[in-house]
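Each chain is listed here by its residues.
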Amino acid sequence: MANKQKKKRNKKYQGADAKVSSPQVLRVSAEERSAFKEWWLTYGRLVKFTAAAAGIVFALLLVIVGLIGLFTS
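Not measured: the values here are computed from a predicted model.

Let us now look at the overall build of the chain. For the chain, the count of helices and strands is 1 helix and 0 strands. Of the roughly 8200 Å² of accessible surface on the chain, 62% is carried by carbon and sulfur atoms. Between the mean site of the 13 positive side-chain charges and the mean site of the 4 negative ones, the chain shows a separation of 21 Å.

Once that is clear, we can look at the packing of aromatic side chains. In the structure shown here, the tally under the stated rule is 4 aromatic pairs. Plain terms: the ring middles of Phe36 and Trp40 are 6.3 Å apart, the flat faces sit at 25° to each other, and that makes the pair stacked. Of this pair, Phe36 and Trp40 both sit in helix H1 (residues 35–72), 4 residues apart, roughly one helical turn. Judged by its relative accessible area of 57%, Phe36 falls in the exposed class. The class of Trp40 is partly exposed, set by a relative accessible area of 31%. Among the aromatic residues, those joined into a cluster by ring pairs are Phe36, Trp39, Trp40 and Tyr43.

Thresholds, definitions, all that
The numbers attached to residues start from 1 for each chain and follow its sequence in the written order. With the structure being a predicted model, the display of local features is reserved for residues of pLDDT at least 70 and the display and counting of side-chain atom pairs for 80 or more, all residues being used for whole-chain, interface and lining totals. The side-chain values count all of the structure's non-hydrogen atoms but skip hydrogen atoms and water molecules. A run of DSSP states H or I qualifies as a helix once it reaches four residues; a run of E qualifies as a strand once it reaches two. Both are numbered from the N-terminal end. Surface exposure here means Shrake-Rupley accessible area, sampled with a 1.4 Å probe, where a residue is shielded only by the protein chains that are shown. In this tally Asp and Glu are treated as negative and Lys and Arg as positive; neither His nor the chain ends contributes. Positions of charges follow a simple convention, taking NZ of Lys, CZ of Arg, CG of Asp or CD of Glu. Aromatic pairs are defined between Phe, Tyr and Trp rings, using the six-membered ring for Trp, whenever the two ring centres lie within 6.5 Å; interplanar angles under 30 degrees are classed as stacked, those over 60 as edge-to-face, and all others as tilted. Relative accessibility under 20% of the residue-type maximum defines a buried residue, over 50% an exposed one, and the middle range a partly exposed one, all with a 1.4 Å probe and only protein chains included.

The following block contains the structure:
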């Protein structure tokens, strides 16, 4: 009779000297950007914040001028 074959190990090794984690693959893609797109990615948040602040100041100024116009006419 033939000898019984030993079952192969398929369980992950978890001993004290086991690897902590498997290596991670980092994939990077490149994109062609125009000069304006590059500038916008750098300064976009600053431009949006400045535009919002200027809009608020303009709205307040418009309201104040309107109130002054109501009382002086």
